[in-house]
Structure formats: C-alpha cells, structure tokens
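# Residue-level structural notes
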Amino acid sequence: EGVRKADGRFFFLKEQRAKIEGKEIEVVIADTEKLFVMKPYWAVTGHSMHNPGDVMIGRRVAEFLGMMPGQKFSLIWGGKPLPLQIRGVIDSGDED
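In this report, the structure presented in the accompanying data block is examined.

Rules used throughout
- Residues numbered from 1 in each chain as written.
- Predicted model: local features only at pLDDT ≥ 70, side-chain atom pairs only at ≥ 80, totals over all residues.
- Heavy atoms only, no water.
- Helix = DSSP H or I, 4+ residues; strand = E, 2+ residues; numbered from the N terminus.
- Contact = heavy atoms within 4.5 Å.
- Buried < 20%, exposed > 50% of the residue type's maximum accessible area, 1.4 Å probe, protein only.
- Pairing = 2+ DSSP bridges.
- Salt bridge = Lys/Arg side-chain N within 4 Å of Asp/Glu carboxyl O.

Of note, threonine 45 is situated in strand β4 (residues 43-46). Note: C-alpha distance between threonine 45 and glycine 88 (43 residues apart in sequence) is 5.4 Å. The contact partners of threonine 45, leaving out residues within four places of it in the chain, are Pro69, Arg87, Gly88 and Val89.

Quick look at the structure:
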C-alpha cells in the first residue's frame, strides 16, 4: 500500500476511514519526515512526534473536532479504540 516516490521510498503508507468522538474522518498514515522534506512550506503548531501514540492532525480536522496539541483522544480504528495524543497541527495551506 502507499505511494512510492521515484527513488522507491514510500511516503504515504495507508488511508482509512475512522471515528473520533463519533465523527467519521479520513486518516492518513504517512512518514512525516519524508513528507516535510517534500513539503517544507507546511506549517506545524505544536511539537514533533516522539512516542508511540503521538500524532499530528490537519488544521481543518483540528478545527472541525475542536482539538489542539497536547490533547489526548481515542481513535476508533477497525472497530477498536486506539489511544493517541496530538503533538502538532499541520497547516498545509490546502485541505488538510
């Protein structure tokens, strides 16, 4: 699964529908280090990810759900709750 760059590396790993607080969202799992190299103009509010369960979310999703860096929540993924913490909010300048 994923999108492969010309050099053969993956930068997009998986996309799936999930729920947060009963609201359905699109979740994209990606290698953020590679994405930020390709998209250096993306602005991040908050901190980088260091621990399992740390995530970054798009600005529009954060606004839609009323979430911010530091907030903990459960993502319903494949019917099971997955405890996560928002470390940063990404503003891509486009739809997030």
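The rest of the description comes next.
Of all five residues that make up strand β5 (residues 54-58), five are buried, and the element is covered over most of its length. Taking every second residue as pointing to the same face, both faces of β5 are buried, with Asp54, Met56 and Gly58 on one and Val55 and Ile57 on the other. As defined by bridge partners, β5 adjoins strand β7 (residues 80-91) across five bridges and the pair is classed as parallel. Its bridge partner being in β7, methionine 56 is matched across the sheet by glycine 88.

So, on to the pattern of salt bridges. Under the counting rule described, the total for this entry stands at five salt bridges. As a salt-bridge pair, arginine 87 and aspartate 54 come within 3.8 Å of each other at their nearest N and O atoms. Of the two residues, arginine 87 is situated in strand β7 and aspartate 54 in strand β5; the sequence distance between them amounts to 33 residues. For aspartate 54, a relative accessible area of 11% gives the class buried. Its salt-bridge partner being arginine 59, residue aspartate 91 comes within 3.4 Å of it at the nearest N-O pair. Residue aspartate 91 is located in strand β7, and its partner arginine 59 is located in helix α2 (residues 59-65); the two are separated by 32 residues in the primary sequence. According to the relative accessible area criterion, arginine 59 is partly exposed, its value standing at 27%.

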